[in-house]
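Chains, contacts and geometry: an overview
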Amino acid sequence: MDSKKVLHFVPSDVPATGRSKNGYVFQEMELRDGEEEDCGQCKDSPVTHKDHIYGTQIQTSFSDPDGLGYGLLNTTRKYVKPMNFQEEVRAHRDLDGFLAQASILLDEKASTLDEVLKRMLTHVVEDGHGSCDVDEVMDSLFTDAGGKEVNVHLLSETIQGVTATSTGIRYQQSWLCILSNVKSLQRRHVCIARLERPQNWGVNCCEARYVILILAPHRTKSTKTAIELGRTFATMFSNISFRQKLLEAKTQDEFKQELVYQRQQLSIVTEKAVIEEVEDTDPRRSKLLNCRDFFKVGKGVYDDLRRRLPLYPSDFTDGITGKDRSLLKYTTTAIFLYIAILLPAIAFGSLNDESTRGEIDVQKTIVGQSIGGVIYALFAGSPLVIPLTTAPLAIFISVIRGICDDYDLDFAAFYACIGLWNSLFLILGGLFNVSLLMKLFKRSTEEVIALFISIAFVGDAVKGTVKIFHHFYHTPTLATTNSTLVLHQIKEILEQARNETGPVLGNGTGPVTEHAEHLSAFLPDSLVLCTRERPILCLLLMLGTLWLGYALYVIKRSPYLNAKIREVVSDCALPISVVICSFIGSYLFLDIQLPVFNVHNGPVFNFAPFDKLTGMNTLSAVGLGFLLALLIFIDQNIVISLTHVPEHKLLKGTAFHWDLMLTGFINILMSCLGLPWMHAAFPHSSLHARQLAKVEQHVENGHLYTTIVSVKETRLTSLVANILIGLSVFMLPVPLQWIPKPVLYGLFLYIAATSLDGNQMVDRMALLLKEQTSYPPTHYIRRVPQRKVHFFTGLQMIQLIILCAFGMYPLPYMKMVFPLLMILLVPLRTNLLPRVIDAKYLDIMDAQHM
């Protein structure tokens, strides 16, 4: 008969209408109409209808449910996972703490549970291991429910070993772990008692020989609670061979030695059977990196297509046909993507417009986004990934424009030449399986880069707002653009100032004073406009977009409305906030002119004039093309990896090699048509997966967790969104120009804020600001020493600061070597960090939540 051993956590036991002096609850058998109830598995119970059990007096009462003396008791049971001594560091610390101040009673003669517990508490106090009020602790150990009418005396919290069999559950009768949280305690206490002879304490404890008493303060760290400490000792006592050896121990030292030996036995790492998996080209799950794999030309692309093509039809039918339809989810996700892609395209298009002096403007950026997005949505192996032109690419383009100005090169031709070299390197990278290098990128490295991208979004928003303040708040704005009129009035003011001595009022607006060779004067009100309301309104619109969007995004966690409406509102949080704040800025404050992006009238497609470049110009573009390919390679693969994290539970797999090649083909088209380059973007891709996810919430040790159950892996949402973006070209300049720039900056802040969900580095940084009692029971809190967790987080923060220093430095040429800096994070994680932190702890912190 197969059986499975588990630990049973019993916060309360079966209610009874009687009480025994031994303190353990028993079930009373009620007789009605002369019939006796079937006791089932309770046939071995020592409880009978006599007035005493094993010489112990019993007070029984039979009462009418409608009369006095009748009570109700809620019983809750849950299973507790046994402590893993191989991985959870807290298990060893719990035992070490007990051995340092051991409270052990051997051959205790007391027979009732109350007497045993009082002896154990007295022993703890007498040994000087702790000071507590014995009566107070005894009151906390038992639940005396029902008041004077019905006194139900039972243990509040216990852990017992149970064995699950095909016929039911069998309790381990020989030991009992009792838990209690005591307000007056400052530290945890453990006392173990071995009774002189087995005692019968009720139905599930007929032959008790060991009692483990766990006392803990009310507020303590999640890994130091009474339940966690009880897990440690209950796991050890659940072994029958260990309990037998403890019976043979004559002294406390021998008893401790058996505890240490059992700890060693539980800590032995058992070899797990290696299951051969179907060959997968996902670099993250491949075997050890082998140089020969890079020379299997085209193998990675071939395997990607062979595995992904059979699933291609389902990318269009999932959620559309069948029982599990998700049309509403698809609609809200497509709207979200439309806004989340269009507005950054406008923002970066405006940035490119300024840096290239109109060579690449907003219109071209929108058209390029639509063309590239549709191609990627149709043919990519990872359809949830969203390609975009990003801030690093915009900076790269501005550097190219500067090089063209310095060396008198044709921008369109040189830009296309760099793009073609870049595409060549990307295609070669896909053919030679270079994406296998992603095996070297650990989760912690990816999260540092992801957090840097989020910070870069915040930096772009802050820089744009500061620029608005600098232009409109501190600098006066002239009321007219007629320079002749302005110069004429200024000339009159200066002549009047020279003719008069001392302070003089200039047209009644203020004094004009002359100091040595300098003359200062206030311009008249007719020339100067007060424009300080513009930056203030811009700041409010930016923060308002962030606040409204995030408030609607988290409404799904609130109790308002019903679940379906909350989900729809949360999915449409970004479009709603953008529309409302744009309406406020462009209509309600119509008299305040807000900064908007420029729109040029001209051809959208400009074919590159390659005949304007010399051979040396073409060769000089190789280096820039390689740096650009390196940047796109890193971002592309990291974004795909972050989108396909285990938490998202994506089932159709990845296609790293094919997607890298496809990005190269798309950028060939972008380069020849004079459109901005693109690659997989973070956090849009991860947000896309979460938008299509079905989630459920659960509470673990007081902490609320949101778990993704499944994700609809479809191409339709990104395909529809990019088609709508292409149609948005006909909305230029109106109504798209009604979206002020501050709303775009608010969108950047919203994207940065929502991208922090699920980033373990952010969670660990938050631990530095929390008290220990608020730490969530995550896998790294349970299995890694706290100091090493904080030390590792500090090292990640140093890496992040270095990335920000180089990535946001105002010198453009320094940003071009930024991809090399990201590459350096790999040897830092694989070679340097294991020398200061144990490799097993690093691997645990790089794992997903378990």
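Preceding block: the structure.
Let us look at the structure shown here. Note that the coordinates shown come from a computational prediction; the quantities given were computed from them, not determined experimentally.

Procedures and definitions
Residues numbered from 1 in each chain as written. Predicted model: local features only at pLDDT ≥ 70, side-chain atom pairs only at ≥ 80, totals over all residues. Heavy atoms only, no water. Helix = DSSP H or I, 4+ residues; strand = E, 2+ residues; numbered from the N terminus. Buried < 20%, exposed > 50% of the residue type's maximum accessible area, 1.4 Å probe, protein only. Contact = heavy atoms within 4.5 Å. Salt bridge = Lys/Arg side-chain N within 4 Å of Asp/Glu carboxyl O. Arc of directions from axis to C-beta. Axes fitted to C-alpha atoms, helices over the stretch in contact; angles between N-to-C directions. Parallel < 35°, antiparallel > 145°, perpendicular 65-115°, else oblique. Left-handed = near helix turned anticlockwise from the far one by under 90°. Nonpolar A, V, L, I, M, F, W, Y, C, P; charged D, E, K, R; others polar. Expected span 1.5 Å × (residues − 1). Patch = residues over 30% accessible without salt bridge, like charges linked within 9 Å, V, L, I, M, F, W, Y side chains within 5 Å. Areas by Shrake-Rupley, 256 points an atom, 1.4 Å probe, with all protein chains shown as cover. Lys, Arg positive; Asp, Glu negative; His and termini not counted. Charge placed at Lys NZ, Arg CZ, Asp CG, Glu CD. Core = buried A, V, L, I, M, F, W, Y, C linked by side-chain atoms within 4.5 Å. Pairing = 2+ DSSP bridges. Phe/Tyr/Trp six-rings, centres within 6.5 Å; stacked < 30°, edge-to-face > 60°.

With respect to the overall build of the chain
When its secondary structure is counted, the chain shows 28 helices and 24 strands. Within the chain, buried positions represent 51% of all 850 residues. In the chain, of all internal contacts separated by at least 6 residues, the share reaching a separation of at least 24 is 78%.

Thoughts on the pattern of salt bridges
By the definition in use, this model includes 35 salt bridges. Across the salt bridge formed by Glu771 and Arg219, the nearest N and O atoms sit 2.5 Å from each other. Linking Glu771 in the loop between helix 23 (760-767) and helix 24 (779-783) with Arg219 in the loop between strand 15 (208-216) and helix 4 (226-237), this pair joins segments that are 552 residues apart in sequence. Residue classification places Glu771 among the partly exposed residues on the basis of a relative accessible area of 45%. What makes Arg219 exposed here is its relative accessible area of 58%. Residues Glu359 and Arg401 are paired through a salt bridge, measuring 3.9 Å at the closest nitrogen-oxygen approach. Remark: Arg401 occurs in helix 11 (residues 391-407) and Glu359 occurs in the loop between helix 9 (327-356) and helix 10 (362-379); sequence separation between them is 42 residues. Among the residues examined, Glu359 registers a relative accessible area of 32% and is labelled partly exposed.

As for helix 7 (residues 299-308)
Within the span of helix 7, buried status applies to Gly300, Val301, Asp303, Asp304 and Arg308. Seen along its axis, helix 7 keeps its buried residues to an arc of 165°; they face one direction. The inward-facing, buried residues of helix 7 contact helix 8 (314-317), helix 12 (411-431) and helix 19 (656-673).

Description of the packing of helix 25 (residues 786-807) against helix 27 (residues 818-832)
As a packed pair, helix 25 and helix 27 sit with axes 10 Å apart at the nearest point and diverge in direction by 165°. Taken as axis vectors, helix 25 and helix 27 run roughly antiparallel relative to one another. As helix 25 packs across helix 27, the resulting crossing turns out to be right-handed. In this structure, helix 25 contributes Gln799, Ile802, Leu803, Phe806 and Gly807 to the contact, and helix 27 contributes Phe818, Leu821, Met822, Leu825 and Leu828. Per-class residue counts for the contact of helix 25 with helix 27 are eight nonpolar, two polar and no charged.

Side note on unusual backbone geometry
Along the chain, Leu732 connects to Pro733 via a cis peptide bond; the corresponding omega equals -5°. Here Pro733 is to be found in the loop between helix 21 (716-727) and helix 22 (741-754). Omega for the peptide link from Val734 to Pro735 comes to 15°, which places this bond in the cis form. Here Pro735 is to be found in the loop between helix 21 and helix 22. Phi is positive for Arg357, which is not a glycine, with a value near 55°. For Arg357, the position within the fold is in the loop between helix 9 and helix 10. According to the relative accessible area criterion, Arg357 is exposed, its value standing at 54%.

A short note on helix 1 (residues 89-100)
With twelve residues, helix 1 extends 17 Å between its outermost C-alpha atoms, agreeing within 8% with the 16 Å of an ideal straight helix rising 1.5 Å per residue. Packed against the buried residues of helix 1 are strand 8 (103-108), strand 14 (189-199), helix 4, helix 6 (252-267), helix 24 and helix 28 (839-845).

A word on a nonpolar patch on the surface
Nonpolar side chains collect at one region of the surface, where Val720, Ile723, Leu724, Leu727 and Phe730 lie side by side and expose about 490 Å² of accessible area between them. Along the chain, Val720 turns up in helix 21.

Topic: a negative patch on the surface
Among the surface-exposed residues, Asp133, Asp135, Glu136 and Asp139 lie close enough to one another that they form a single negatively charged patch. Tracing the sequence through the fold places Glu136 in helix 3 (residues 134-141).

Focus on the environment of Ile592
With respect to the secondary-structure elements, Ile592 resides in the loop between helix 17 (573-588) and helix 18 (615-643). The spacing of Ile592 and Glu533 is 59 residues in sequence and 7.5 Å in space, taken between C-alpha atoms. Once residues lying within four places of it in the same chain are set aside, the contact partners of Ile592 are Glu533, Arg534 and Leu537.

Some details on the nonpolar core
One recurring pattern in soluble globular proteins is that nonpolar side chains are buried together. In terms of nonpolar packing, the biggest core is built from 67 residues, with Ile400, Phe414, Ile418, Trp677 and Leu803 touching the most fellow members. Secondary structure elements with two or more residues in this core: helix 11, helix 12, helix 13 (443-472), helix 18, helix 19, helix 25 and helix 27. At 14 residues, the largest contribution of residues to this core is made by helix 18. Excluding residues within four positions of it along the chain, Ile418 makes contact with Ile400, Ala621, Leu624, Gly625, Leu628 and Trp677. With 55 residues, the next largest nonpolar core counts Phe457, Val578, Leu736 and Phe748 among its residues.

Comments concerning the environment of Val836
Tracing the backbone shows Val836 in the loop between helix 27 and helix 28. Taking C-alpha positions, Val836 is 9.3 Å from Phe792, a pair spaced 44 residues apart along the chain. Setting aside anything within four residues of it in sequence, one finds Val836 in contact with Phe791 and Leu795.

What about the packing of helix 13 against helix 18?
Where helix 13 meets helix 18, the axes come as close as 10 Å, and the angle between the chain directions of the two elements is 105°. Taken together, the axes of helix 13 and helix 18 are roughly perpendicular relative to one another. Residues Glu446, Ile449 and Ala450 of helix 13 pack against Ile638, Ser641 and Leu642 of helix 18. Of the residues assigned to the contact of helix 13 with helix 18, the class counts are four nonpolar, one polar and one charged.

Some thoughts on the pairing of strand 15
For strand 15, a buried count of nine out of nine residues is recorded, marking the element as mostly surrounded by other parts of the structure. Here strand 13 (residues 175-181) runs beside strand 15; their pairing, made up of seven bridges, is parallel. In the sheet register, Cys177 faces strand 15, and the bridge partner there is Ile212.

Concerning the side chain of Gln799
One can find Gln799 in helix 25. With residues up to four places along the chain from it excluded, the contact list for Gln799 reads Val448, Leu825, Leu828 and Leu833.

Regarding the packing of aromatic side chains
In this structure the tally under the stated criterion is 13 aromatic pairs. Residues Phe237 and Phe242 carry aromatic rings whose centres are separated by 5.4 Å and whose planes lie at 80° to one another, so their mutual orientation is edge-to-face. For the pair shown, Phe237 and Phe242 are each scored as buried. Seen in terms of ring centroids, Phe583 and Tyr587 are 5.2 Å apart; in terms of plane orientation they differ by 20°. Their pairing is stacked. Linking Phe583 with Tyr587, this pair stays in helix 17, spanning four residues, or about one helical turn.

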